[in-house]
Amino acid sequence: MKTLSPSILSADFSKLAEEIDAVKSGGAQYIHLDIMDGRFVQNITFGAPILKSIRPVTDLVFDVHLMIEEPEKYISDFANAGADILNVHFEACTDLSGVIDKIHSLGCKAGVTIRPDTPVEAVGSVLNKLDMVLVMTVYPGFSGQKFMPEALKKIPILVKVRKERKLNFDIQVDGGISLKNIRQVMDLGVDSVVAGSAIFGTGDPKAAASEFMSIIREYETN
Ligand code: DX5
Ligand code: ZN
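These remarks concern the structure in this document.

## With respect to the sheet that holds strand E5 (residues 109-114)
Right, so step 1: Here we have 8 strands laid out as an open sheet, ordered E1-E8-E7-E6-E5-E4-E3-E2, and parallel in their pairing. Strand pairing shows two members of the sheet lacking a second neighbour, strand E1 (3-6) and strand E2 (30-36), which therefore form its edges. On average, adjacent strands in this sheet sit at an angle of 20 degrees to one another, irrespective of strand direction.
Right, so step 2: Sheet topology note: the strand E6 (residues 132-136)/strand E7 (residues 170-174) ladder contains 5 bridges and is parallel. When the sheet's bridge partners are listed, Val133 is paired in E7 with Ile171.

What follows is the structure, encoded as structure tokens:
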């Protein structure tokens, strides 16, 4: 399934439940939750209590992007708060394989994220255990940054390796995705698209999600 994962980082936090409902009505299947600790990235967002409070108001898949140091210390909090997919940064892990195993033991899907300056080979040895690889198309830290098309060269490599090794992980992209460049990304064989400002920054997240989904669905049969 090809999926849209709107990032609430650009949403109005005073009415989070309504914002999430709006993107669900627009057809989004995931909700992207950007966790930043002020250490791995130069910004702080929110933690597991926010997930816990919105978990009862939606059945969308909680797609959690952990931009934090020492993720192994916190993944059980996020799993208990209702995470479905837990994505850790390659650059933040000292025992990547161990973190992935821990995520699976908590009943969540496991993803690994790579920054634009991290080569795709970094995840090679763990691809067989992964449910998702997240390729960043901006440096993590903030919504509304400029898309970095050069990061896309990693996508065909992941598609090729996945096929050759008969693996099943989804490929997700995150950062600066808009209605202007989504086709460029989907054409490469991406499975899941994160978008923050292009959805919640528009004033009409339902309509924006719906426009994204009408393009994403075109790729479902390809
Ligand atoms: C950036 C975050 C992204 C961000 C996306 O560090 O990981 O998920 O919220 O926002 P846009 O789509 O505005 O780049
Ligand atoms: Zn993100």
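## Comments concerning the nonpolar core
Right, so step 1: Counting residues in hydrophobic clusters, the biggest one holds 67 residues, and the most contacted among them are Leu51, Val64, Leu86 and Val193.
Right, so step 2: With 6 residues, the top contributor of residues to this core is helix H8 (residues 205-218).
Right, so step 3: Grouped together as the second largest cluster of nonpolar side chains are 5 residues, Met36, Phe40, Val41 and Ala92 included.

## Comments concerning the site of ligand 1
Right, so step 1: Contacts to ligand 1 come from 20 residues, most closely from Gly141, Asp174, Gly176, Gly196 and Ser197.
Right, so step 2: Here an oxygen atom of ligand 1 sits 2.8 Å away from a polar atom, N or O, in the main chain of Gly141.
Right, so step 3: One of the side-chain nitrogen or oxygen atoms of Ser143 is found 2.9 Å away from an oxygen atom of ligand 1.
Right, so step 4: About the coverage of ligand 1: the protein hides 100% of its 380 Å² of free accessible area.
Right, so step 5: Taken together, the elements giving at least two residues each to the shell around ligand 1 come down to E2, strand E3 (61-67) and strand E8 (192-195).
Right, so step 6: The element best represented in the shell around ligand 1 is E2, accounting for 3 residues.

## Considerations on the pairing of E8
On a regular strand, each side chain points to the face opposite its neighbour's, so the side chains alternate between the two faces of the sheet.
Right, so step 1: The side-chain alternation of E8 yields two buried faces, one formed by Ser192 and Val194 and the other by Val193 and Ala195.
Right, so step 2: Sheet topology places E1 next to E8; 4 bridges connect them, and they run parallel. Across the sheet, residue Thr3 finds its bridge partner in E8, namely Ser192.

## What to know about the coordination of the zinc ion (ligand 2)
Right, so step 1: For the zinc ion (ligand 2), every protein donor is listed as His32 (NE2), Asp34 (OD), His65 (ND1) and Asp174 (OD), and the spread of their distances is 2.1 to 2.3 Å.
Right, so step 2: One can describe the donor arrangement at the zinc ion (ligand 2) as octahedral, given that its 6 donor atoms subtend angles of 72 to 172 degrees at the metal.
Right, so step 3: Considered as a linear motif, the donors of the zinc ion (ligand 2) on their single chain read H-x1-D-x30-H-x108-D. An identical accessibility class is assigned to His32 and Asp34; each is buried.

Calculation notes
- Residues numbered from 1 in each chain as written.
- Chains lettered and ligands numbered in written order.
- Predicted model: local features only at pLDDT ≥ 70, side-chain atom pairs only at ≥ 80, totals over all residues.
- Heavy atoms only, no water.
- Pairing = 2+ DSSP bridges.
- Helix = DSSP H or I, 4+ residues; strand = E, 2+ residues; numbered from the N terminus.
- Axes fitted to C-alpha atoms, helices over the stretch in contact; angles between N-to-C directions.
- Core = buried A, V, L, I, M, F, W, Y, C linked by side-chain atoms within 4.5 Å.
- Buried < 20%, exposed > 50% of the residue type's maximum accessible area, 1.4 Å probe, protein only.
- Near = heavy atom within 4 Å.
- Polar contact = N/O pair within 3.5 Å; in protein donor to acceptor, adjacent residues only side chain to side chain.
- Areas by Shrake-Rupley, 256 points an atom, 1.4 Å probe, with all protein chains shown as cover.
- Donors = N, O, S within 2.8 Å, 3.2 Å for Na, K, Ca; no water.
- Tetrahedral: all angles 85-135°; square planar, octahedral: opposite > 155°, others 65-115°.

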